[in-house]
Amino acid sequence: MGRIISVSNRKGGSGKTTTSVNVSAALARNGNKVLLIDADPQAHTTLSFGMTSKDINLDLYSLLVDRKKTEQVITGTYLNTLKVIPATRKLTSFERDYSGLKEARVWFADRITEIADKFDYIIIDTPPTLSLLSISALIASGEVLIPMQTHFLSLEGLAEMVRLISQIRKLYNPEIKLKGVIPTFYKEKTRLSKSILYEIGKNLGTGIILHPVRVNISLAEAPSYGKTIFQYNIKSNGAYDYMALARQIEELK
Ligand SMILES: Nc1ncnc2c1ncn2[C@@H]1O[C@H](COP(=O)(O)OP(=O)(O)OP(=O)(O)O)[C@@H](O)[C@H]1O
Ligand SMILES: [Mg+2]
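Residues numbered from 1 in each chain as written. Chains lettered and ligands numbered in written order. Predicted model: local features only at pLDDT ≥ 70, side-chain atom pairs only at ≥ 80, totals over all residues.

Caption draft 1: The overall build of the protein, seen in detail. Along the backbone of the protein there are twelve helices and seven strands. Over its C-alpha trace the protein gives a radius of gyration of 17 Å, about what one expects of a compact globule, namely 18 Å for 253 residues. Seen along its three principal axes, the alpha-carbon backbone of the protein occupies a region of about 50 × 40 × 30 Å. Taken over 253 residues, the protein has a buried fraction of 46%. Put simply, 76% of the contacts in the protein that link residues at least 6 apart link residues at least 24 apart. (Helix = DSSP H or I, 4+ residues; strand = E, 2+ residues; numbered from the N terminus. Rg over C-alpha atoms; globule rule 2.2 N^0.38 Å. Buried ≥ 20, exposed ≤ 12 C-beta atoms within 10 Å, placed from the backbone. Contact = placed C-beta atoms within 7 Å.)

Pasting the structure below:
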């Protein structure tokens, strides 16, 4: 069975989508079979591949609610080892209509386990909310990666995520592990970035801190062209950092 990894942080703009897209692409470039799932109604991962609602017939909603077959909702990308389950605005109605239904929390896990043996990695981009979708993704996952801006105000969000993961472990999913914290928007050689890493290490152990992703304008530009960083600017620091991070994730098994 493939590794199922949620990329989560309740804090908005922490680099979840950028990390999901580019780690998935890097793992796929390394020859792994990767499925990237857009579990955010904002559909930023979907847009990052240049797909808009009019290109999409079936999305994650169709898998979860309409019970469509997984083969029907999976779409291809420029890499034949990388597949995507896209999101549309319909996911907002999933949140609205099913949040009160406790059993809906495990639908995601049920559907994903059916296909987990077809992939080496299933990466899930999650919304910046404590919602049915973000909880469902954690229930379905064996591992969690938390991208976190290297700012002081982000430390509180990290502590909150650690508490959430331990609740999910107790209530639903004894297997779930926090596999790493990814420092994002990292500014090398600044005292702030260093002291944030020190704080994380002090609380969670230095082993939890993965390869930092530096601030890099190409990472912010690539999605507007519907491209991953490897298509948009292979020579950028962003491409280098996400490649190094993906190698590290492969070794974390
Ligand atoms: N290392 C980086 N350097 C420069 N810009 C970045 C970097 N990482 C992400 N960005 C940009 O910052 C913004 C927020 O990043 P991203 O969308 O990945 O965060 P997110 O956690 O998914 O946000 P949300 O919580 O809304 O889902 C985006 O415009 C993205 O292109
Ligand atoms: Mg996002």
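Caption draft 2: Fine view of the nonpolar core. Ranked by size, the top nonpolar core spans 70 residues in total, and within it Val34, Leu60, Ile122, Ile123 and Tyr242 carry the most contacts. Tallying contributions element by element places helix H7 (residues 132–140) first for this core, with seven residues. In this structure, isoleucine 123 is in contact with Ile5, Val7, Ser20, Val23, Ser24, Val34 and Leu36, ignoring residues within four places of it in sequence. (Core = buried A, V, L, I, M, F, W, Y, C linked by C-beta atoms within 7 Å.)

Caption draft 3: The arrangement of the site of ligand 1 in detail. Looking at ligand 1, there are 19 residues lining it, with Gly12, Lys16, Thr17, Thr18 and Pro128 nearest. If you list the elements that add at least two residues to the shell around ligand 1, you get helix H1 (16–29) and helix H10 (217–221). When residues of the shell around ligand 1 are assigned to their parent elements, the largest contribution, three residues, is made by H1. Its residues assigned to classes, the shell around ligand 1 shows seven nonpolar, ten polar and two charged. (Near = placed C-beta within 6 Å. Nonpolar A, V, L, I, M, F, W, Y, C, P; charged D, E, K, R; others polar.)

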